[in-house]
Amino acid sequence: MDRPVAPPDPFASLPESLRPLARRGEIKRFVKGRRLIEEGEFGDTLFIILSGRLKVFSTDDRDREVIFGIHGPGSYLGEMSLDGGPRSASVIALETTTCVVVTRQTLRDHIAAEPEFAFELLARVIHRARLATRGLRNMALLDVYGRMVQLLNELAAPHEDGTYVIEDRPTHAELASRIGCAREMISRLLKDLQTGSYIRIDGWRLVILKPLPHRW
């Protein structure tokens, strides 16, 4: 008689340190365009991404948008409001996304049982604070080209052939929102880099063929 096949572990894609917390939460599916978090509102939930992509952003009263990051499986969002304060940014699903939703009380119970996780959570908050500080520094000290190059280098992953590839490249509008410039400027700079054989765009892949120059 064949042995029954165990169902796949829904948390297998998560870092090992996150799996015990994820098992305490509730799995939910969000369709593309669904807002999980609204800036300024109060909330007490943490979202651990199992599949899909979430965008973290802010808008002003003229609907101008600044993107703080795009996050995929293994990331978690919402920890900044677990102090009881208002949400500091909005979060929207860029595609159908499955998350584990964890409440503040559940997180407290988990930390009580697994005290080491508090250090991981603290490290995540510190990392995001450093990113915010670096973003402000770059806005003040780097020109548009310098900010774009830094972002492309951060997003790209190395390949065996010596190139660096962004598999799911952001749109020109998303790049512009993340570095604080006009979409037309991004289009012109990327076109110049293509002409100079520094990059190649294959559909939704952006391939960095050789180190990008520091200045343009």
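See above for the structure.
This report concerns the structure included in the present document. Keep in mind that what you see is a predicted model, and the values were worked out from it rather than measured. (Residues numbered from 1 in each chain as written. Predicted model: local features only at pLDDT ≥ 70, side-chain atom pairs only at ≥ 80, totals over all residues. Heavy atoms only, no water.)

### Considering the environment of Ile186
Point 1. Topologically, Ile186 is positioned in helix H6 (residues 183-195).
Point 2. For the pair Ile186 and Tyr145, spaced 41 residues apart in sequence, the C-alpha to C-alpha distance is 8.4 Å.
Point 3. If near-sequence neighbours (up to four positions away) are discounted, Ile186 is found in contact with Met148, His172, Leu175, Ala176, Ile179 and Cys181. (Helix = DSSP H or I, 4+ residues; strand = E, 2+ residues; numbered from the N terminus. Contact = heavy atoms within 4.5 Å.)

### Topic: the environment of Leu54
Point 1. Mapping Leu54 onto the fold places it in strand S4 (residues 54-59).
Point 2. Exposure remark for Leu54: the relative accessible area of 0% places this residue in the buried category.
Point 3. Each C-alpha atom of the pair Leu54 and Asp192 lies 30 Å from the other, and the pair is 138 residues apart in sequence.
Point 4. Setting aside anything within four residues of it in sequence, one finds Leu54 in contact with Leu36, Ile49, Gly69, Ile70, His71, Leu77, Val91, Ile92, Ala93, Thr97 and Cys99. (Buried < 20%, exposed > 50% of the residue type's maximum accessible area, 1.4 Å probe, protein only.)

### Focus: the pattern of salt bridges
Point 1. Using the criterion set out here, one finds 9 salt bridges in the structure.
Point 2. Here Glu95 ties to Arg53 by a salt bridge, and the two come within 3.0 Å at their closest N and O atoms. Residue Glu95 is found in the loop between strand S7 (90-93) and strand S8 (97-103), and its partner Arg53 is found in the loop between strand S3 (45-51) and S4; the two are separated by 42 residues along the sequence.
Point 3. By relative accessible area, Glu95 is classed as partly exposed at 31%.
Point 4. Of the charged contacts in the structure, one is a salt bridge between Asp192 and Arg188, with a shortest N-O distance of 3.6 Å. Of this pair, Asp192 and Arg188 both sit in helix H6, separated by 4 residues, roughly a single helical turn.
Point 5. Under the relative-accessibility criterion, Arg188 is labelled partly exposed at 44%. (Salt bridge = Lys/Arg side-chain N within 4 Å of Asp/Glu carboxyl O.)

### A look at the pairing of S4
Point 1. Across the 6 residues that make up S4, a large majority, 5, are buried.
Point 2. Pairing of S4 with strand S5 (residues 65-71) involves 6 bridges; the strand directions are antiparallel. By the bridge assignment, Ser58 is partnered in S5 with Val66.
Point 3. Connecting S4 to the antiparallel partner S5 that follows it, the hairpin turn spans 5 residues, and Asp63 within it adopts a positive phi of roughly 65°.
Point 4. Sheet topology note: the S4/S7 ladder contains 4 bridges and is antiparallel. Bridging across to S7, Phe57 finds its partner in Ser90. (Pairing = 2+ DSSP bridges.)

### Some remarks on the sheet that holds strand S9 (residues 157-158)
Point 1. Reading across from one edge, S9-S10-S12-S11 is the order of the 4 strands in this open sheet, with antiparallel pairing throughout. The sheet terminates laterally at S9 and strand S11 (199-202), the two strands that pair on one side only.
Point 2. Where S9 lies against strand S10 (residues 164-166), 2 bridges are found, and the strand directions are antiparallel. Note on S10: the bridge partner recorded for Pro158 is Tyr164.

Geometry only, nothing functional implied.
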